Amino acid sequence: LLYHPTGVSLLFHTLNAFNGITFLPVQLAFGLLPEYNAVVVFSFAAGGLGGYLLARQVLGANSSHLAAFLAGAVFTFSPYHFAHLLGHMQLIALAWLPFYALYVLRTLRAAEGVGGRRIAREGGMAALFLILVALCDWYYAFYCILFTAVAATWFSFRSLRPARRDALGPGLIALVAVGITVALALSPLLIPMVREARQASYMVPDAAQSRQLSADLLAFVTPQGFHPLWGEWARTQSERFTSTLSEYTVFAGFTVLGLALVGLFSRWRHGMKGLWLAVALAFFILSLGPVLHVGGQAVQRPGGIEIALPYTVVARLPFINIMRSISRLDVIVMLALGVLAAGGLNSLMRNRVRGILIGAISLVLVLFEFLPAPYPMSPPDTPSWYRTLAEDGRSGAVLNLPANWDRPGYLLYQTEHGKALTVAYISRDDPRTLVHRAPVLQHFRHLGPDIIELDLREQGQQLLADLDVQWVVLDRYKM
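Sequence order sets the numbering: in each chain, residues are counted from 1 along the sequence as written. Thresholds applied to this predicted model are a pLDDT of at least 70 for local features of residues and 80 or more for the giving and counting of side-chain atom pairs; totals over whole chains, interfaces and linings are not thresholded and use all residues. Side-chain descriptors were evaluated using all non-hydrogen atoms of the structure, hydrogens and water having been removed beforehand.

Caption draft 1: Spotlight on the packing of helix 15 (residues 254-264) against helix 19 (residues 352-370). Here an angle of 0 to 180 degrees is reported between the N-to-C directions of two axes, which are lines fitted to C-alpha atoms, with helices fitted over the stretch in contact. Working definition: helices are DSSP H or I runs of at least four residues, strands are E runs of at least two. Numbering for both runs from the N terminus. For the pair helix 15 and helix 19, interaxial distance at closest approach is 8 Å and the crossing angle is 140°. Regarding the angle of helix 15 to helix 19, the classification is oblique. In this structure, helix 15 contributes Phe-254, Thr-255, Val-256 and Leu-259 to the contact, and helix 19 contributes Ser-362, Leu-365, Val-366, Glu-369 and Phe-370. Looking at side-chain class alone, the contact of helix 15 with helix 19 contains six nonpolar, two polar and one charged residues. For classification purposes, angles smaller than 35 degrees are called roughly parallel, those larger than 145 roughly antiparallel, those between 65 and 115 roughly perpendicular, and all remaining angles oblique. Contacts are residue-level and defined by heavy atoms, with any inter-residue pair within 4.5 Å sufficient. Under this grouping Gly is polar, as are all residues other than the nonpolar Ala, Val, Leu, Ile, Met, Phe, Trp, Tyr, Cys and Pro and the charged Asp, Glu, Lys and Arg.

In C-alpha cells, the structure reads:
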C-alpha cells in the first residue's frame, strides 16, 4: 500500500505498534480522532504514574506522596513531552520508561537482599516493560539499555563494600537474562533489521544531521516557546539553535533544577542520589551530540579545533549510528531530574504543615514554568474529495503531487480513501523506491531533468499506466 507497486520495507520505519494495536478498538468504535486523543491522554497519565511510582521506590515508602507526585509531573509534563506532541506519536509514548527503570532497580535491589524467586519476578517485569518500550520506539529501547549500563555500573561500585560483595553476581546475571529474554521476544523484528542494515545504508543519517539535531547547551535553560507570558521571547531566543522546535526544546525548568540541587545536598534512602546524578549527567552529556554547541555555534578550542564530546565514541557502536535526533536523550534527563527534584522536595517537607505548603508551591511553580498555552492545534485537513475516491471500486494507485519530499499528510488521506499510494512516507527515505529511480516519478521528486532522456508528453502517461497509477491528485495547498 506504500510506494506501489513494489512496496517498501518498514523495518526502520517508526511503527509504534503499541499505540496502534492497543487503541485500535477505540478507532473501530469511535473513529480516528478519539483514538488519537486517547493515545495522548494515556501517554500523559501513564507517564506521570510511572514517574510517581519510580520516585516512591527510590525515596522509600515513608517519603512524601506529594514529592513523588512532583517527580511524575516533571517527567510527563516536561517541555520535551509537549514539544513532541506536535506530531511524534512514537515519542510521546514514553510511559513505559519509568516502569522499566523501576523494575531494573527492584531487580538489582533484590539481588542485594533475598534473591532467588524475587529476582526472577522483578527481572521478568523489567523484560516485559522493555518489550513495551521497544514496541513504542527504538530510540527509547536504546535509552533503556544505556540506563541499565549506568545502573549496573553504579551498583557494581556499591558492591565493592564488604557487606555487599556477594550481590553483584546475581544482579548482573538477572540483567543479562532480561536482555536475552527481550532479544528473543523481539527477534522477528531484530533479525531482519540486522540483515537489512548489513545490506543497505539508507537508514544511517548523514553525520551533519546528528550535529544539527543535537541539544544546545543553552537550550536546557531557555524556556519553552509555548508559554503564555514569555513564549514569544523564548521562541526568538531559540532561533539561533540549529535544530527544529520539537528537537531543540529540552528546557529543564528552573524550579526543577533548584529542587534537584537541594536533593543533591540531602540524605537519601540507600544513598540513591548518586545513581540519579550519574544518570542525569550521562544522558545530558550524550544529548549534546558529537560536538559542543552553545547558542547555535560549535565551541572551538584555540587553533579552531571543535570540542569533541563522548557521543562520538557511543555513535560507533553497532546500530547506534542509525540514531539521527540526539537531543531526544533529554527524556531520560527529565526522568532523572524529576527523581532528584522529588528527593529535594522530600527533604524540605520534614515539617508536616509547612511541608505541604512548600510542596504545593513547588508543584504549582513547576507546572507554571511548563505551561503550554495556548497549545497549537492541527485539525484534520482531509479534503472531502477523498471520501468520493473511497467509493470508486477501481483498482490502482494514487499519485499525490507535490512529491518532492515524503509528506505524512498523504497517509492521513489514505485512511479515508484506502487506495495504494505511489509516493508515501517512511521514517528513513529509501533510495531504492521507484520514486527515486523511475522516469516521470524522478522528475516530480527532484523537480529537474532525468538522466534518461524522456519526452513526458509522449511517454509519461504510458509509464504511469505501467506503474498502475489510476489517479493523479494535485494537492495545490501542499505546494
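Caption draft 2: Spotlight on the layout of surface pockets. Put simply, the second largest pocket is a space of about 260 Å³. Elements with a contribution of two residues or more to the lining of the second largest pocket: helix 15, helix 16 (273-287) and helix 18 (330-348). When grouped by side-chain class, the residues that make up the lining of the second largest pocket number 15 nonpolar, no polar and no charged. Residues are called lining when one of their atoms sits within 4 Å of a cavity or pocket point, these points coming from a 1 Å grid over the protein atoms alone, where a cavity is a set in which a 1.4 Å probe fits but cannot get out and a pocket is an open set with protein on both sides within 12 Å along at least five of seven lines. Grid points are joined across faces, edges and corners, and a volume is the space filled by probe spheres set on the points.

Caption draft 3: Examining the nonpolar core more closely. Core analysis: the largest hydrophobic core is formed by 88 residues, its most contacted members being Tyr-140, Tyr-143, Phe-147 and Trp-276. Of the residues forming this core, the biggest block, 13 residues, is contributed by helix 9 (residues 138-158). Beyond its immediate stretch of four places on either side in the chain, Trp-276 contacts Leu-54, Val-58, Ala-101, Leu-105, Phe-147, Trp-268, Ala-336, Val-339 and Leu-340. Counting 26 residues, the second largest nonpolar core, distinct from the first, contains Leu-2, Leu-434, Val-435 and Val-473. For this analysis, a nonpolar core means a set of buried residues of the types Ala, Val, Leu, Ile, Met, Phe, Trp, Tyr and Cys, connected via side-chain atoms within 4.5 Å. Exposure classes here rest on a 1.4 Å probe applied to the protein chains alone. A residue is buried below 20% of its type maximum, exposed above 50%, and partly exposed in between.

Caption draft 4: Fine view of the sheet that holds strand 5 (residues 397-401). Strand order in this open sheet of three strands is 6-5-7, and the pairing throughout is parallel. Pairing within the sheet leaves two strands with one partner each, and these edge strands are strand 6 (420-421) and strand 7 (469-474). For two strands to pair, DSSP has to find at least two bridges joining them.

Caption draft 5: Representation of the side chain of Gln-414 in the model. Inspection of the secondary structure puts Gln-414 in helix 21 (residues 409-417). Exposure remark for Gln-414: the relative accessible area of 13% places this residue in the buried category. Think of a polar contact as two N or O atoms within 3.5 Å of one another; within protein, one of them needs to be a possible hydrogen donor and the other a possible acceptor, and neighboring residues in sequence only count if both atoms come from side chains. In this structure the side chain of Gln-414 is engaged in a polar contact, spanning 2.9 Å, whose partner is the backbone oxygen of Lys-419. For Gln-414, the contacting residues outside a window of four places in its chain are Leu-1, Leu-2, Lys-419, Ala-420 and Leu-421.

Caption draft 6: Spatial organisation of the pairing of strand 5. Of all the five residues making up strand 5, five are buried; the element is thus mostly covered by neighbouring parts of the structure. When strand 5 meets strand 6, the two strands line up parallel, connected through two bridges. Directly across from Val-398, in strand 6, lies its bridge partner Leu-421. The definition of a right-handed crossover adopted here requires that, viewed with the strands pointing away, the path from the first strand over the helix to the second runs clockwise. In terms of handedness, the path from strand 5 via helix 21 over to strand 6 forms a crossover that is right-handed. Where strand 5 lies against strand 7, five bridges are found, and the strand directions are parallel. Among the inter-strand pairings, Asn-400 is bridged to a residue of strand 7, identified as Val-473.

Remember, this is a structural readout, not a statement about activity or role.
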